[in-house]
Amino acid sequence: MRVKATSQLNGGVPNLTWTQTRRNVWVYDQTAKTYVQKAADNPIWAAYDILHQCRRLKNVNTGAYEFVVEGTPKERFASYWQEWVDAAAYADELVTTNDGSHEKRFQFDAIFDTSMKRLEAANKAANVGHAVIIQHGTQFGIAVDKPGVMRQIFGEGRTLMSSFNGSFSSLDDRARSVEITYNDKDNDYKNTEFFIRSARYAQDVELQDNTAQLTLFGVSRRSQAYREGMYLLATNERQLETVTFSADGKNEDAAVAACGGSMELLLEIIPEGGSIE
């Protein structure tokens, strides 16, 4: 960059502001056995790139382009490759916004300016797509919070006696509104705040007015920030109970198969004699 020397530059360096963008990342397609370019604003492929960190560089000696990997080897994504593909496809699905237009479900728009572990940074990007990276030994998989099917069922015959514990969330403790903070690309990426209420806000006037604080990383679209707020409110209304239990030793294989991100059905007999609200 060239800057014309003026009296304003005397004795110091001027403050510069710019928008930094990146269109694509290099991803090794385990099916095609070759590197392909994927959109850098897809949070799943952004997370992949943070872990893998592949660059296509020109060899000055041979004149040929070569792929140079400075992160996790491509072989460590092979066993769970389809999970990455499915997660990225879910992020790219088109959803309808409030004005009737369509846009990708999740879009990642951020720059890392602090030091952190590679896996931690990758998970921050993946979280924008409601995903979390899971290590299976030396292999990396990824799980997404999305609609799915039950993998298996845990009933009384597959759980240890007296190991079941459940805790209910009080209605008064649940958030009925949320204050969202994000960096709006239409507002020069400044911190922007807005407030949304639950659809049942006016009906539940007798409940305590709790407001949750939601600060979004990697989200620059107001429409996406709005969906995140509505998702948080819906979770508060529908996630009524948290349970823990231990699997029977005879069903150890089933317990191991219940990996993070999989959907399981729990059947537990609750004796009558009272009501639970």
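Residues numbered from 1 in each chain as written. Predicted model: local features only at pLDDT ≥ 70, side-chain atom pairs only at ≥ 80, totals over all residues. Heavy atoms only, no water.

Draft legend 1. Representation of the overall build of the protein chain within the structure. Of the regular secondary structure elements, the protein chain holds five helices and 15 strands. Expressed as a percentage of its 277 residues, the buried residues of the protein chain come to 33%. Contacts in the protein chain between residues far apart in sequence, at least 24 positions, make up 64% of those at least 6 positions apart. Carbon together with sulfur atoms contributes 49% to the accessible area of the protein chain, which is approximately 18100 Å² in total. (Helix = DSSP H or I, 4+ residues; strand = E, 2+ residues; numbered from the N terminus. Buried < 20%, exposed > 50% of the residue type's maximum accessible area, 1.4 Å probe, protein only. Contact = heavy atoms within 4.5 Å. Areas by Shrake-Rupley, 256 points an atom, 1.4 Å probe, with all protein chains shown as cover.)

Draft legend 2. Quick peek at the sheet that holds strand E12 (residues 190–197). Spatially, three strands are ordered E12-E11-E13 in an open sheet, and the strand pairing comes out mixed. Strands at the two margins of the open sheet, each flanked by one partner only, are E12 and strand E13 (211–215). Direction aside, the axes of adjacent strands within the sheet are offset by 20° on average. Strand direction decides the pairing type here: strand E11 (residues 177–184) and E12, joined by eight bridges, are antiparallel. Counterpart to Asn 183 in the pairing with E12 is Asn 191. (Pairing = 2+ DSSP bridges. Axes fitted to C-alpha atoms, helices over the stretch in contact; angles between N-to-C directions.)

Draft legend 3. Examining the nonpolar core more closely. With 46 residues, the main nonpolar core has Trp 84, Ile 133 and Ile 180 as its most contacted residues. The dominant element in this core, judged by the number of residues it contributes, is helix H1 (residues 43–52), at seven residues. If we ignore the near neighbours within four places in the chain, the residues touching Trp 84 are Ile 44, Trp 45, Tyr 48, Leu 51, Phe 77, Ile 133, Phe 140, Gly 141 and Ile 142. (Core = buried A, V, L, I, M, F, W, Y, C linked by side-chain atoms within 4.5 Å.)

Draft legend 4. Representation of the side chain of Gln 224. Mapping Gln 224 onto the fold places it in helix H4 (residues 222–238). Of the residues examined, Gln 224 reaches a relative accessible area of 1% and is grouped as buried. Of the polar contacts made by the side chain of Gln 224, one reaches the side chain of Arg 221; its length is 2.7 Å. Leaving out residues up to four positions away in the same chain, Gln 224 has contacts with Glu 103, Arg 105, Phe 106, Gln 107, Val 128 and Val 219. (Polar contact = N/O pair within 3.5 Å; in protein donor to acceptor, adjacent residues only side chain to side chain.)

Draft legend 5. Layout of the environment of Trp 84. Looking at where Trp 84 falls in the secondary structure, it is placed in helix H2 (residues 81–92). By relative accessible area, Trp 84 is classed as buried at 0%. Sequence separation between Trp 84 and Tyr 48 is 36 residues; the distance between their C-alpha atoms is 8.3 Å. Engagement of the side chain of Trp 84 in a polar contact is seen with the backbone oxygen of Phe 140, the distance being 3.0 Å.

Draft legend 6. Local environment of the packing of aromatic side chains. If you walk through the whole model with that rule in mind, you get 15 aromatic pairs. Pairing Phe 77 with Trp 84 gives two aromatic rings, centres 5.6 Å apart and planes at 75°, and the pair type is edge-to-face. You can call Phe 77 buried: its relative accessible area is 0%. Over the face of the ring belonging to Tyr 28 we find Lys 74, whose NZ or CZ atom lies 5.2 Å from the ring centre. Positioned over the ring face of Phe 194 is Arg 222, at 4.2 Å from the centre of the ring. (Phe/Tyr/Trp six-rings, centres within 6.5 Å; stacked < 30°, edge-to-face > 60°. Lys NZ or Arg CZ within 6 Å of the ring centre and 35° of its normal.)

Draft legend 7. Structural detail: the pattern of salt bridges. Considering all chains together, one arrives at seven salt bridges under this definition. Arg 55 is the partner of Asp 49 in a salt bridge, and the nearest nitrogen-oxygen pair spans 3.3 Å. One salt bridge in this structure joins Arg 221 and Glu 103, with 3.5 Å as the shortest N-O distance. On the criterion of sequence distance, the pair formed by Arg 221 in the loop between E13 and H4 and Glu 103 in strand E6 (residues 102–104) is long-range, its members being 118 residues apart. Judged by relative accessible area, which is 15%, Glu 103 ranks as buried. Taken together, the shared-partner salt bridges connect Arg 22, Asp 49 and Arg 55 into one network. (Salt bridge = Lys/Arg side-chain N within 4 Å of Asp/Glu carboxyl O.)

Draft legend 8. View of the packing of H1 against H2. Running from N to C, H1 and H2 point in directions that differ by 140°, and their axes come no closer than 7 Å. What the angle tells us is that H1 and H2 run oblique. The segment H1 lies against H2, with Pro 43, Ile 44, Trp 45, Tyr 48 and Leu 51 engaging Trp 81, Trp 84, Val 85, Ala 87, Ala 88 and Ala 91. (Parallel < 35°, antiparallel > 145°, perpendicular 65-115°, else oblique.)

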